[in-house]
Amino acid sequence: MTPPVPNQVVDPQILVDGEQLWQLTHDCFHGIGIPGDDAAAVADVLMDANLRAMESHGFQRVPIYMKRVLAGLAGGTQNLRVVDERGVFCRIDAANALGPAAALRAVDRCLSISSHHGVGVVAVCNSTHFGAAGYYARRAATAGQVGIVMSNAVKRMAPYGASQPFLGTNPLAIAVPLAGHPDFVLDMSSSVIAQGKITRARDLGEELPPGVALDPAGRPTTDPGEALAGSLLPVGGPKGSGLAMAISMLCVLLAGADCDDQMGSLYNDFDRPQNTGHIFLTIDVGVLGRRSEIPVLDQMMDRLLGLPGDRASSTLKYPGQDTAPAADIRRRAGLPLHRGELLRVAGVCRTAGLDDVAARAEALAA
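Residues numbered from 1 in each chain as written. Predicted model: local features only at pLDDT ≥ 70, side-chain atom pairs only at ≥ 80, totals over all residues. Heavy atoms only, no water.

## Quick word on the packing of helix α3 (residues 62-70) against helix α11 (residues 339-351)
Which entries qualify depends on this criterion: Geometry is summarised by axes, namely lines fitted to C-alpha atoms with helices restricted to the contacting stretch, and by angles between N-to-C directions that run from 0 to 180 degrees. The secondary structure listing takes helices from DSSP runs of H or I that are at least 4 residues long and strands from runs of E that are at least 2 residues long, numbered from the N terminus. Roughly parallel here means an angle under 35 degrees, roughly antiparallel means over 145, roughly perpendicular means 65 to 115, and every remaining angle is called oblique. Crossing handedness is defined as follows: a turn of the near helix away from the far one that is anticlockwise and smaller than a right angle gives a left-handed crossing, while the clockwise case is right-handed. Whether two residues are in contact is decided by their heavy atoms: any pair within 4.5 Å suffices.
Between α3 and α11, whose axes approach to 9 Å, the crossing angle comes to 15 degrees. One finds that α3 runs roughly parallel with respect to α11. Crossing geometry of α3 relative to α11 is assigned as left-handed. Packed against α3, whose contacting residues are Val62, Pro63, Met66, Lys67 and Leu70, the element α11 presents Arg344, Val345, Val348 and Cys349 at the interface.

## Quick notes on the environment of Pro210
With respect to the helices and strands, Pro210 occurs in the loop between α6 (195-204) and β8 (213-214). Through-space distance from the C-alpha of Pro210 to that of Thr222 is 5.7 Å; in sequence the pair is twelve residues apart.

## Considering the pattern of salt bridges
Applicable threshold: Salt bridges are counted wherever a side-chain nitrogen of Lys or Arg sits within 4 Å of a carboxyl oxygen of Asp or Glu. Burial classes: relative accessible area under 20% of the type maximum marks a residue as buried, over 50% as exposed, and values in between as partly exposed (1.4 Å probe, protein chains only).
Tallied over the full model, the rule gives 16 salt bridges. Here Arg86 and Asp84 are joined by a salt bridge, their closest N and O atoms 3.1 Å apart. The salt bridge involving Arg219 is made with Asp215; its shortest N-O contact spans 2.9 Å. Judged by its relative accessible area of 7%, Asp215 falls in the buried class. Within this structure, Asp48, Arg52 and Arg138 form a network of salt bridges that share partners.

## Re the packing of helix α4 (residues 99-117) against helix α5 (residues 133-142)
Selection criterion: All amino acids are sorted into three groups, where Ala, Val, Leu, Ile, Met, Phe, Trp, Tyr, Cys and Pro are nonpolar, Asp, Glu, Lys and Arg are charged, and the leftover types, Gly among them, are polar.
Relative orientation of the contacting elements α4 and α5 amounts to 25 degrees, with a least axis distance of 10 Å. With respect to each other, α4 and α5 are oriented roughly parallel. Along this stretch, α4 crosses α5, giving a crossing that reads as right-handed. Contacts between α4 and α5 involve Gly99, Pro100, Ala103, Leu104, Val107, Asp108 and Leu111 from the former and Tyr135, Tyr136, Arg139 and Ala140 from the latter. Its residues assigned to classes, the contact of α4 with α5 comprises eight nonpolar, one polar and two charged.

Encoded structure:
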């Protein structure tokens, strides 16, 4: 890859009104046959990622999601069904529904179960990429419940000690409601960097930081194209590798998902669906009589935030602390996007015969 010339703007950012971008995203999917509620769910999840500065899991995903719908490999939740339910456990077959639409239904069902029993567990099979895991965990915290969310994914990461991909960048999100502070929301992939960030770097002509990926020959690389052809590295070495394995095994065991190394690729396999698995676990602390302990957690955050900073960081923060204020700023000021992202969506819309939607995307990019 030829790196960008220093100080050269490869694709300048523009600010796009959030409501306009939400409507555009909704209409992209509704226009190709996704029911309105499901199209709204996909738009909600993707736009939330852009609002919270997680562009790799936001609007950038619209073209590939659309392409899989157009290929008949993903759709709405019309055929989603509960295949097993006993006690606090429920298993759902998403029937190849778009991941955000299926996951939103699943987490809401999980919250309903835990609001009655204190704990709920919902496992989902035959799904697709569901966006940022933190969205669903945060939804639980907003409802006053603890949320734990995980998903497996197609092989993209080399296990610790290997040089070829075998595991997905399997994410884990944990959200805990707070009263006097923004909710705690940990949202992390088990790789050093999420694949979406590498795809974005490739599309924008940017280099990767060292230590995140290997090329196809197993050598360290900062070229995103070589990284996409090669493999990503686990965060924390054996710890991230072990975490990804555990998430994969739970998704296979509880949901009936494909193993990471046997799953269809979101970007490359258009001859079969993915069968991605998701796990949602919610805990209603009120039903369990523990809601009175939430102020104790706020006091813990006060003590945490009162610690002296180290020399490497000017501000001490906890996961989730800044995302709500950042989202408020972007709602007012607009969402930063690159023109290329809008033009790629416009191109897929033209192919699908959505000329009016394409024209709106092109107008936003102008």
